[in-house]
Amino acid sequence: MKLYHSSNIVIKSPLTNRSRDFLDFGKGFYLTTLKDQAVRYGERFVRRGKDAWLNTFILQYEPNDWKVKIFNSYDEDWLLFVSKCRAGLDDTDYDMVIGGIANDKVILTLDRYFNGEISVETALGLLKFEKPNNQICIRSQRMIDLCLTHIESLKI
């Protein structure tokens, strides 16, 4: 599977410990299958006067060899998992998590839910109208080292 990661630097050998804390799927290396999504993210660096790179990788793995969590929609399971990760309370040991990204539209609903302004049911009712974007978080350095191959890095 071909994956993309935008950054202000070339990344050939990703490190999970370089990730920020409190992200959607926890600490890890985030990628997407959607090239346009990665390019749009990279353009944020350009607007700030920085270099931007589209780093391309190939991911090859045997699903039975790894602990992988897949979210197919913005459902209650996704909402509760993201809530735990963003609060630093995730206690799972997934090697990789795949699912929707909390983009600009979704984050408004999440913020209202996290702040206690709306219930789980209300949040899910709002989220059901959103088509999930795609993010893949590889949380295991071992999985990165064994399954992720850098292909190229192109300046955006």
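Residues numbered from 1 in each chain as written. Predicted model: local features only at pLDDT ≥ 70, side-chain atom pairs only at ≥ 80, totals over all residues. Heavy atoms only, no water.

### What about the layout of surface pockets?
- In this model, the largest pocket occupies a volume close to 1400 Å³.
- Taken together, 39 residues make up the lining of the largest pocket; nearest its centre are His-5, Ser-6, Arg-20, Tyr-30 and Tyr-41.
- For the lining of the largest pocket, the secondary-structure elements that each account for two or more residues are strand 1 (2-7), strand 2 (29-31), helix 1 (35-47) and helix 3 (104-114).
- Considered class by class, the residues forming the lining of the largest pocket number 17 nonpolar, 13 polar and nine charged. (1 Å grid on protein atoms, 1.4 Å probe; cavity = no way out; pocket = protein on both sides within 12 Å on 5 of 7 lines; lining within 4 Å. Points joined across faces, edges and corners; volume = space filled by probe spheres on them. Helix = DSSP H or I, 4+ residues; strand = E, 2+ residues; numbered from the N terminus. Nonpolar A, V, L, I, M, F, W, Y, C, P; charged D, E, K, R; others polar.)

### Side note on the nonpolar core
- Membership of the largest hydrophobic core comes to 21 residues, with the highest contact counts inside it found for Phe-25, Trp-78, Leu-79 and Leu-110.
- Of all elements in the fold, only helix 2 (76-86), helix 3 and helix 4 (120-127) reach the threshold of two or more residues within this core.
- No other element matches helix 2, which puts five residues into this core.
- Beyond its immediate sequence surroundings of up to four residues, Leu-79 is in contact with Leu-110, Tyr-113, Val-120, Ala-123, Leu-124 and Leu-127.
- By size, the runner-up hydrophobic cluster in this structure holds 15 residues, among which are Leu-31, Met-96, Ile-138 and Cys-147. (Core = buried A, V, L, I, M, F, W, Y, C linked by side-chain atoms within 4.5 Å. Buried < 20%, exposed > 50% of the residue type's maximum accessible area, 1.4 Å probe, protein only. Contact = heavy atoms within 4.5 Å.)

That's the geometry; what it means functionally is another story.
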